[in-house]
Amino acid sequence: MRTKIVAGNWKMNKNMEETEALLAELSAKLPDTKAQVIVSPTFVNLAAAKRSLQASTIQVAAQNMHFAESGAYTGEISADMLLNIDVDIVILGHSERRAYFGETDELLAKKVKTAIEKGMKTIFCFGEELEDRKSDNHFSVVESQLKNALFDLDAEAWKSIILAYEPVWAIGTGETASPEQAQEMHAFIRKTIASAYDASIADEVSILYGGSVKPDNASDIFSKPDVDGGLIGGASLKSDDFAAIIAAI
Ligand code: G2H
């Protein structure tokens, strides 16, 4: 039985007071769920989020981290710094990091390796761009993103990997992949992992869908057999919407 997960990627939104207020609202509205619920505020608000959620089952993730242990990397944050404030989940490879900050599969492979070595869980994001889908290259693009960043990991490491398929054309655009498109790609991802490793690893990894998930489309997407939850951006910034999406799992 795979873990169902609903994660909120807050991106560069919410100051400290707003972070605390949103988490208080969310805690009060959290539906009865067996899903693992994760929120991902900005770096500067992670410690405040952890404090706010001390008595909660809601977990906290960072949106990025550096691969190095420490050193002269101005503006960067290490795994140890996150672990020091009890944050042991990190989102890596979001398309905004790839597009605006030049993150490549090769760089992401290093970041994932560090996260695994440090005992952290990684929510690894990937997905094709619109031109890839239009030219029918979406499967090969996704396959190479997985291969380049993850397929050097050993089988044990996959216990710490959560995948988030986020087609770039559906991110923050209001455009969502249809439940059928999501299912088709998630099944392909599982098949690709089964070929590279084995069926049990493919069966056990949680694969989230991300890209304009909203309360009104969440249950259709989550109903698909290979979709194990969602990575939610815009709709995770409002407690009513995020609670409704969690209830849809
Ligand atoms: C995709 C998603 C969260 P949104 O980036 O990672 O954001 O739900 O706003 O499309």
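Thresholds, definitions, all that
- Residues numbered from 1 in each chain as written.
- Predicted model: local features only at pLDDT ≥ 70, side-chain atom pairs only at ≥ 80, totals over all residues.
- Heavy atoms only, no water.
- pLDDT = per-residue confidence, 0-100.
- Near = heavy atom within 4 Å.
- Polar contact = N/O pair within 3.5 Å; in protein donor to acceptor, adjacent residues only side chain to side chain.
- Nonpolar A, V, L, I, M, F, W, Y, C, P; charged D, E, K, R; others polar.
- Core = buried A, V, L, I, M, F, W, Y, C linked by side-chain atoms within 4.5 Å.
- Buried < 20%, exposed > 50% of the residue type's maximum accessible area, 1.4 Å probe, protein only.
- Helix = DSSP H or I, 4+ residues; strand = E, 2+ residues; numbered from the N terminus.
- Contact = heavy atoms within 4.5 Å.
- Axes fitted to C-alpha atoms, helices over the stretch in contact; angles between N-to-C directions.
- Parallel < 35°, antiparallel > 145°, perpendicular 65-115°, else oblique.
- Left-handed = near helix turned anticlockwise from the far one by under 90°.
- Salt bridge = Lys/Arg side-chain N within 4 Å of Asp/Glu carboxyl O.
- Pairing = 2+ DSSP bridges.

Overview of the confidence of the model for the protein
Okay, step 1: Across the protein, the average pLDDT comes to 97, with 100% of residues at 70 or higher.
Okay, step 2: Scoring the predicted complex yields pTM 0.97 and, for the interface, ipTM 0.96.

Some remarks on the site of the ligand
Okay, step 1: Looking at the ligand, there are 13 residues lining it, with Lys11, His94, Glu166, Gly172 and Ser212 nearest.
Okay, step 2: In the environment of the ligand, an oxygen atom lies 2.9 Å from a nitrogen or oxygen atom belonging to the backbone of Gly234.
Okay, step 3: Considered class by class, the residues forming the shell around the ligand number 4 nonpolar, 7 polar and 2 charged.

Considerations on the nonpolar core
Taken as a class, soluble globular proteins show a tendency for nonpolar side chains to be buried jointly.
Okay, step 1: Ranked by internal contacts, the top residues of the largest apolar core, which has 61 residues, are Val39, Leu150, Trp158, Leu163, Ile189, Ile193 and Tyr209.
Okay, step 2: Of the residues forming this core, the biggest block, 5 residues, is contributed by helix α8 (residues 179-196).
Okay, step 3: Filtering out sequence-adjacent residues up to four positions away, Ile193 remains in contact with Phe151, Trp158, Leu163, Asp198, Ile201, Ala202 and Val205.
Okay, step 4: Core analysis: the next-biggest nonpolar cluster, separate from the first, contains 12 residues, Ile5, Ala7, Ile162 and Ala164 among them.

Thoughts on the packing of helix α1 (residues 16-29) against helix α11 (residues 239-247)
Okay, step 1: For the pair α1 and α11, the least separation of the axes is 9 Å and the interaxial angle reads 40°. Judged by the angle between their axes, α1 and α11 are oblique. Considering only the axes of α1 and α11, their crossing is right-handed. Across the interface between the two elements, Leu22, Glu25, Leu26 and Lys29 from α1 touch Ser239, Asp240, Phe242, Ala243 and Ile246 from α11.
Okay, step 2: Residues belonging to the contact of α1 with α11 are distributed by class as follows: 5 nonpolar, 1 polar and 3 charged.

Some words on the pattern of salt bridges
Okay, step 1: Under the criterion given, the structure shown has 16 salt bridges.
Okay, step 2: Glu25 is the partner of Lys29 in a salt bridge, and the nearest nitrogen-oxygen pair spans 4.0 Å. Linking Lys29 with Glu25, this pair stays in helix α1, spanning 4 residues, or about one helical turn.
Okay, step 3: Classification of Glu25 by relative accessible area gives partly exposed; the value is 36%.
Okay, step 4: One salt bridge connects Glu103 with Arg97, and the closest N-O pair in it is separated by 3.0 Å.
Okay, step 5: What emerges from the salt-bridge pattern is a single network uniting Arg2, Arg190, Asp226 and Asp228.

A look at the sheet that holds strand β7 (residues 207-210)
Okay, step 1: Pairing within the open sheet is parallel, and its 8 strands lie in the order β3-β2-β1-β8-β7-β6-β5-β4. For this open sheet the edge positions go to β3 (59-60) and β4 (89-92), each flanked by a neighbour on one side alone.
Okay, step 2: Note: β4 against strand β5 (residues 121-126), 4 bridges, orientation parallel. Paired with Val90 across the two strands is Thr122, which belongs to β5.
Okay, step 3: Sheet strands in contact with helix α7 (residues 138-150) are β5 and β6 (161-165), and its direction is about 145° off that of β5.

Side note on the environment of Ala21
Okay, step 1: Of note, Ala21 is situated in helix α1.
Okay, step 2: Under the relative-accessibility criterion, Ala21 is labelled partly exposed at 37%.

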